[in-house]
Amino acid sequence: MQVLTEELPDKQQLQGNLVDILHRISGADPALITPDARLMEDIGIDSLGFYEILIEADTCFGIRIPEEQLLQFKTVGDIQAHLEALGPASSSDPS
Amino acid sequence: MSFLTVTGQQRVAIVGWGSVTPLGADASTTWEAIQAGQCGIAALKEPWSADLPVQIGGCVAPSATASLPPLLLRRADRCAQLGLLAAREAWAMASTAAAGLDPQRIAVVLGTGIGGLGTMHEQHSQLTSGGPTRVNPLTVPMLIPDAAAGQVAIDLGLQGGAHTPVSACASGAEAMMLAQMLLNDDRADLVLAGGTEAPVNRLGLVGFSAMRALSLRNDAPAQASRPYGRDRDGFVLSEGAGVVAMMREGDTPAGAALGWQLACGCSSDAHHIVAPEPNGIQASRAIDDALRRAGVTPDQLCAVQAHATGTSLGDLAEARALRRSLGAVADHLPVYAPKGQLGHLLGGAGAVEAILGIQALRDGVLPQSINSGPLDPEVELAVTTEGPVQLKQSSSERLMLKNAFGFGGHNISLVLSAPCNNAAPLH
């Protein structure tokens, strides 16, 4: 299990980690886990899998995705955009 | 042609079997290891065991689960994984006999003593270390005891009902009893029945050890499990699963039966939640009930396979029950105690051992009871302490009594038989 480090991963790393997470949760071929891929229809993530995403984001990135936000995600790109938005800028030290 | 027991029930044919145990990833490897006198119990090397009072157990080889898809390895507890492996093997072996059967008439009865103990332990650790947001959403579907039966039904597409008897260490044998009842009640045409357990983890070891049920022979794992032995000091926790495929004898294609389950008996001690009734009076009733339903007298048996776990009270209660039910026949009737080699698979034990029982009947040889000698002098049974025993051949079939008991006071006895089809028994 990857542990959150002090520095959040850059965009490419984040994408790679996200593919790893979604592969673990769904068992889908990593090649299919593209930004346009739909989480339920294309990757086969079920309702419990969505909540696994929530835990993995917390464990791997230290990012707590609000539940109401989680249920809005349709594609891999939606999650990626959300994580990027919560990346260094939003989660950095307030100072 | 069908064979009716005295209660008018059909005996059931066993047309396939599968097991995954500390001695092998399938039923034939396990049987070969048993005959070779091997022991599946070893020292636990994992760091998590370092501070535990008991650091031995019987574990299934990691390679055994390699055939399962990664998603199932993530989303199913090891208890369900092992049950599924055993069920797949039994199902494959039964494929000819099961050809053409309606999946809606095929049931699963897969028992377990505890269920997803590893999941419960891991997720509780997540809760205490990471807080409520870190608990896996699959926690409940992974830890519920019926998960294994459900996963087997899903994996094999079986829709004739999925059931989970939970009677501690009698669960696997109770599943075989319920399977016969389902078949005789015409609720299914084939039943996959057995038990599974995966308790070798911190919580399992500490829980059983706190009640002083486990052997403390950390320095001699292969000698730790000593059923009926004078020097026994508790059982050894093991993991594994066994599943048999059963059909009514009248429906079984010619030549498909590996063996038969004639009848089952049961009773409850109504005595104590853990301690057996010391004289084995109710255990004896289960044995008598099984023999009566099978229409078999003790002198027709050629072997007994004991539950014997290696605890001081439990072994004596079973020995007394066998003496009471078998009378003078017990002076010479050979008794095999498989847990000296396997350890105690809890809910997985009954079915794994029943498969070994039928293999023994088929091959005409009862294995040596490893570690049982020297016997406890109070155990007045012909335990096979000195070596394998060639089984007598009184008719075209050989008959065996098999016991399984569980915390809670559950007593199950099975009468099994198999054709004498091997001219040259092993030595």
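About the cut-offs
Residues numbered from 1 in each chain as written. Chains lettered and ligands numbered in written order. Predicted model: local features only at pLDDT ≥ 70, side-chain atom pairs only at ≥ 80, totals over all residues. Helix = DSSP H or I, 4+ residues; strand = E, 2+ residues; numbered from the N terminus. Contact = placed C-beta atoms within 7 Å. Buried ≥ 20, exposed ≤ 12 C-beta atoms within 10 Å, placed from the backbone. pLDDT = per-residue confidence, 0-100. Domains from an automatic or database assignment. Expected span 1.5 Å × (residues − 1). Axes fitted to C-alpha atoms, helices over the stretch in contact; angles between N-to-C directions. Parallel < 35°, antiparallel > 145°, perpendicular 65-115°, else oblique. Left-handed = near helix turned anticlockwise from the far one by under 90°. Nonpolar A, V, L, I, M, F, W, Y, C, P; charged D, E, K, R; others polar. Pairing = 2+ DSSP bridges. Core = buried A, V, L, I, M, F, W, Y, C linked by C-beta atoms within 7 Å.

K.L.:
Please set out the overall build of chain B residue by residue, giving values where relevant.
P.N.:
Within chain B, the regular secondary structure consists of 13 helices and 15 strands. In terms of overall dimensions, chain B has a C-alpha envelope of 65 × 55 × 40 Å along the principal axes. Long-range contacts, defined here as pairs at least 24 residues apart, represent 81% of the contacts in chain B between residues at least 6 apart.

K.L.:
Now, about the overall build of chain A: what can you tell me, with residues and values included?
P.N.:
A tally of regular secondary structure across chain A gives five helices and zero strands. Counted from the first residue to the last, chain A has its helices and strands arranged as α-α-α-α-α. Within the span of chain A, comprising 95 residues, buried residues form 23% of the whole. Across chain A, every contact between residues at least 6 apart in sequence was considered, and the portion connecting residues at least 24 apart equals 57%.

K.L.:
Can you explain unusual backbone geometry? Please cite residues and give values.
P.N.:
All names here are of chain B. Residues Gly373 and Pro374 are joined by a peptide bond in cis, for which omega reads -5 degrees. Relative to the helices and strands, Pro374 is located in the loop between β11 (365-366) and β12 (382-383). The backbone phi angle of Ala168 is positive, close to 50 degrees, even though this residue is not glycine. Of note, Ala168 is situated in the loop between β5 (162-163) and α8 (171-184). Its 22 C-beta neighbours within 10 Å are what place Ala168 among the buried residues. Despite not being glycine, Asp186 shows a phi value in the positive range, around 60 degrees. Mapped onto the secondary structure, Asp186 falls in the loop between α8 and β6 (190-197).

K.L.:
Explain the confidence of the model for chain A to me, and be specific about the residues and the numbers.
P.N.:
Residue and element names in this part refer to chain A. Summarising the model, chain A shows a mean pLDDT of 82, and 81% of its residues fall at 70 or more. Put simply, helix α5 (residues 88-91) is where chain A has its lowest mean pLDDT, 43, and helix α4 (residues 76-85) is where it has its highest, 92. Overall, residues 89-95 carries pLDDT values under 50, and its contacts beyond four positions in sequence, including any with other chains, amount to three contacts.

K.L.:
Let's hear about the domain arrangement of chain B: which residues, and what values?
P.N.:
Where interface size is quoted, it is often the accessible area lost as the parts come together. Residue and element names in this part refer to chain B. Domain assignment breaks chain B into domain 1 (12-251) and domain 2 (262-418). Of note, the centres of domain 1 and domain 2, computed from C-alpha atoms alone, are 21 Å apart. On the side of domain 2, 53 residues touch domain 1, which itself brings 61 residues to the contact. Of all the secondary structure elements, the ones that give two or more residues to the side of domain 1 that touches domain 2 are β1 (12-20), α1 (27-35), β3 (56-58), α8, β6 and β7 (240-248).

K.L.:
So what about helix α3 (residues 78-93) of chain B? Which residues, and what values?
P.N.:
If you check α3 of chain B, its first and last C-alpha atoms are 23 Å apart, about what 16 residues at 1.5 Å a residue would give, namely 22 Å. By the criterion of burial, α3 of chain B is predominantly enclosed, with 14 of the 16 residues buried.

K.L.:
So what about the packing of helix α1 (residues 11-26) of chain A against α4 of chain A? Which residues, and what values?
P.N.:
Residues and elements named next belong to chain A. Packing of α1 against α4 brings their axes to within 10 Å, and their N-to-C directions diverge by 130 degrees. The angle between α1 and α4 falls in the class oblique. Between α1 and α4 the crossing geometry is right-handed. Here Lys11, Leu14, Gln15, Leu18 and Leu22 of α1 come into contact with α4, specifically with Val76, Ile79, Gln80, Leu83 and Glu84. Partitioning the contact of α1 with α4 into residue classes produces six nonpolar, two polar and two charged.

K.L.:
Could you give me a rundown of the sheet that holds strand β14 (residues 397-406) of chain B, with the residues and numbers involved?
P.N.:
Backbone hydrogen bonds are what pair the strands of a sheet, in a parallel or an antiparallel way. Residue and element names in this part refer to chain B. The strand order across the open sheet built from 11 strands is β5-β4-β6-β7-β1-β8-β15-β14-β9-β10-β12, with neighbouring strands paired in mixed fashion. Pairing within the sheet leaves two strands with one partner each, and these edge strands are β5 and β12. The pairing of strand β10 (residues 334-336) with β12 spans two bridges and is parallel. Counted as the bridge partner of Val335 is Val383 from β12.

K.L.:
An account of the environment of Lys45 of chain B is requested, with residue identities and associated values reported.
P.N.:
On the secondary structure map, Lys45 of chain B appears in the loop between β2 (41-43) and β3. Note: C-alpha distance between Lys45 of chain B and Ile56 of chain B (11 residues apart in sequence) is 8.8 Å.

K.L.:
Please give an account of the packing of helix α10 (residues 281-294) of chain B against helix α11 (residues 312-326) of chain B that cites residues and values.
P.N.:
Residues and elements named next belong to chain B. At their nearest, the axes of α10 and α11 sit 8 Å apart, and the two run at 45 degrees to each other. Between α10 and α11, the angle falls in the class oblique. Considering only the axes of α10 and α11, their crossing is right-handed. Note on element contacts: α11 touches α10 through Ala317, Glu318, Ala321, Leu322, Arg324 and Ser325, opposite Ala283, Ser284, Ile287 and Asp288.

K.L.:
Kindly report on the interface of chain B and chain A, identifying the contributing residues and their values.
P.N.:
Each partner contributes residues to the interface: chain B has nine residues there, and chain A has nine residues. Of the residues contributing to the side of chain B that touches chain A, the split by class is five nonpolar, two polar and two charged.

K.L.:
Could you give me a rundown of the nonpolar core, with the residues and numbers involved?
P.N.:
Formed by 139 residues in total, the largest nonpolar core has its most connected members in Val244 and Met246 of chain B. For this core, the element with the highest residue contribution is α3 of chain B, accounting for 10 residues. Each of domain 1 (12-251) and domain 2 (262-418) of chain B accounts for three or more of the residues forming this core. If we ignore the near neighbours within four places in the chain, the residues touching Val244 of chain B are Ile14, Gly16, Trp17, Ala90, Met176, Ala193, Gly194, Ala351, Ala354 and Ile355 of chain B. Leu18, Phe61, Ile63 and Leu83 of chain A belong to the second-largest nonpolar core, a separate cluster that totals 17 residues.

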